[in-house]
Amino acid sequence: MKKTIVWTFVGVLFCVYVGYAFSQTLADIYIQANKPLVSSTELASTPAATPEATETVSHNNITPTPEAIETESPEAVLPALPACESTDVPGIRHIVLDEGARSLHLPETDSLEVNEQVRNIVFTRAAEHTDGLFFASRYSLYRYNDQLVGFAFTFTACDADSSLTETKVLMTYDLLGGRAVAPDELFAPAFDFAAATAAVLDAVHTVDFTSLVFDTAQAVFLSNNEDGTCDEVMVPLSAYGDNWQADAYLLRYYGHEESSPSDEPAAPSGEGKYLAITFDDGPESTHTARLLDGLAEHDAKATFFVLGHRLGKTADLIERMVNEGHSVGSHTYSHVNLTAVAKETIAYQLDETNMLLKNITGQEVLLLRPPYGNRNAQVAEMAAERGMSLILWSVDPQDWKMRDARQTADHIIARAKDGEIILLHDIYASSVDGALLAVKELTAQGYTFVTVDELLDMNGGRVTGGIYRTGKGTVSK
Ligand SMILES: [Zn+2]
């Protein structure tokens, strides 16, 4: 599937040189943050290829370091990922595993599924070169938004016979869905993106169309050149016109949270002034933490409908939510449309998430926000069997679409009235900013932000299996 380019050389110097060429493609933010393994000039006299290896020996007489001749599976050698470094990119952390002649650099995200796939890719390559002189994995980051990120992995191995192997793998991931994204999911359905790509490249490139990474300006494919080298080939997204549909992908899978008919500007109300602000699709390590800071400043309580698959790396945020008086509900394990999957899948999506949350908080999970607001009698019944209620919403600023803090805040402020449930997503910086603007201004107007549970308690209490759009009682469907 992925193009693998292999060179075999007798010449040691070329091996050394090419072994370092890979680092040129590293994302700048990462290469600056990490000490280079060793410079190419050092390498010529330091074949063990670690910064710690100061012994000078001739490359031809190298004795592999103990680390380099370990034969255990990579998982056995690397039982757990060590502390990682944060990056400037929300939701992405950088892991460095430098051990003797093996240097593994890999990304870590908030998605357990994506992390597992990344580790499989990297550790599988590492396991193929455990008896070599040198193995390194590097990656470049390509980011479209907080949700769609790509990693261009480069694996460089100098094997015991001095043969050099360079392998490149491009992967694009949907961090919210916890899944790899295939190129054909990013283009218009009938569009021949391979032909369109070939048309803008010179004939020298033979491009692998099975994978790509991209940012907001360009798509990157791998090419297998006639001279045996391998390139990352950039194609401006403008070359595809309207057939480039990464935004459509996001809307297709995540955008269609339905708007409620009651989502209309509020008439002034003389009743109590309690609002429930809710956040779906997180937790997200950067934005959610900042949101919690801001809510604490205004003494505002919120309800978080979280995705089970994000909990492995964000348990601390869940603990913080509970400790700071917020409520935590389920948004399923991996954001599935519960009306489109088998009963067993619904059960898994609910039970796995509830179990993970209970392990963190010690509390039963009683609130479910079905993805897209989609529910039917079966979903409601299965939620009821678990003691849960379905929480929809009455104010929807469509923050995921607007990505504009002021517009998001203005929408909320214009519709605020006692008992409303506000839908937001704590995976976007603009949503967090908009939420905090609205909280600040509405608090000044005399509103109090409470959790969904508290809002329901004020209005007669929560009904198991009930479906709520506002705090003012259940709706029939
Ligand atoms: Zn959602």
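Residues numbered from 1 in each chain as written. Predicted model: local features only at pLDDT ≥ 70, side-chain atom pairs only at ≥ 80, totals over all residues.

Caption draft 1: Geometry of the sheet that holds strand β11 (residues 230-236). Strand order in this open sheet of three strands is β9-β10-β11, and the pairing throughout is antiparallel. The two strands at the open ends of the sheet, each matched to only one other strand, are β9 (207-214) and β11. Within the sheet, the average angular offset between the axes of one strand and its neighbour, ignoring direction, is 30°. Pairing geometry for β9 and strand β10 (residues 218-224), over four bridges, is antiparallel. (Pairing = 2+ DSSP bridges. Helix = DSSP H or I, 4+ residues; strand = E, 2+ residues; numbered from the N terminus. Axes fitted to C-alpha atoms, helices over the stretch in contact; angles between N-to-C directions.)

Caption draft 2: Fine view of the packing of helix α8 (residues 285-297) against helix α14 (residues 429-444). One way to put it is that α8 packs onto α14 with a least axis distance of 9 Å and a crossing angle of 10°. On the basis of the axis angle, α8 is roughly parallel to α14. Between α8 and α14, the residues in contact are His287, Arg290, Leu291, Gly294 and Leu295 and Ala429, Val432, Ala435, Leu436 and Val439, respectively. (Parallel < 35°, antiparallel > 145°, perpendicular 65-115°, else oblique. Contact = placed C-beta atoms within 7 Å.)

Caption draft 3: Molecular detail of the pairing of strand β5 (residues 134-143). A large share of β5 lies buried, amounting to nine of its 10 residues. Where strand β4 (residues 102-109) lies against β5, three bridges are found, and the strand directions are parallel. If you follow Ser103 over to β5, its bridge partner there is Ala136. Read as a crossover between parallel neighbours, the route from β4 over helix α5 (residues 112-127) to β5 is left-handed. The pairing of β5 with strand β6 (residues 148-158) spans 10 bridges and is antiparallel. (Buried ≥ 20, exposed ≤ 12 C-beta atoms within 10 Å, placed from the backbone. Right-handed = clockwise from strand over helix to strand, strands pointing away.)

Caption draft 4: Local environment of the packing of helix α10 (residues 343-361) against helix α11 (residues 377-385). Here α10 crosses α11 at 40°, and the two axes come no closer than 11 Å. Judged by the inter-axis angle, α10 sits oblique to α11. α10 and α11 meet at a crossing whose hand is right-handed. Along the contact surface, α10 presents Lys343, Ile346, Ala347 and Leu350, while α11 presents Gln378, Val379 and Met382. (Left-handed = near helix turned anticlockwise from the far one by under 90°.)

Caption draft 5: Looking closely at the confidence of the model for the protein. Looking at the protein as a whole, the pLDDT averages 79, with 76% of positions reaching at least 70. Long-range and interchain partners of residues 1-79, a stretch whose pLDDT sits below 50, account for 124 contacts in this model, where long-range means more than four residues apart. For the stretch residues 258-270, pLDDT sits under 50, and the model shows 21 contacts to residues farther than four places along the chain or on other chains. (pLDDT = per-residue confidence, 0-100.)

Caption draft 6: Representation of the environment of Phe191 in the model. Along the polypeptide, Phe191 turns up in the loop between β8 (179-180) and α6 (193-200). On the basis of neighbour counts, which here come to 17 C-beta atoms within 10 Å, the residue Phe191 falls in the partly exposed class. In this structure, the C-alpha to C-alpha distance between Phe191 and Tyr240, residues 49 residues apart in sequence, is 9.3 Å.

Caption draft 7: Just the pairing of strand β3 (residues 92-99), in detail. The pairing of β3 with β4 spans eight bridges and is antiparallel. Residue pairing in the sheet places Asp98 in a bridge with Ser103 of β4. Turn length for the β3-β4 hairpin, with the two strands adjacent in sequence and antiparallel, is two residues, and the turn residue Gly100 shows positive phi of about 50°.

Caption draft 8: Expanded view of α8. With 13 residues, α8 extends 19 Å between its outermost C-alpha atoms, agreeing within 8% with the 18 Å of an ideal straight helix rising 1.5 Å per residue. Buried residues in α8 make contact with β13 (302-306), α9 (315-323) and α14. Once α8 finishes, Asp299 follows within two positions and takes phi at roughly 50°, a positive value. (Expected span 1.5 Å × (residues − 1).)

Caption draft 9: Region of interest: the nonpolar core. Among the nonpolar cores identified, the biggest contains 60 residues, and Ile277, Ile422 and Val439 are the most heavily contacted of them. The leading source of residues in this core is α14, at six residues. Filtering out sequence-adjacent residues up to four positions away, Val439 remains in contact with Ile277, Leu295, His298, Ala300 and Phe449. Among the nonpolar cores identified, the runner-up in size contains 50 residues, and Val114, Ala136, Trp244 and Ile427 belong to it. (Core = buried A, V, L, I, M, F, W, Y, C linked by C-beta atoms within 7 Å.)

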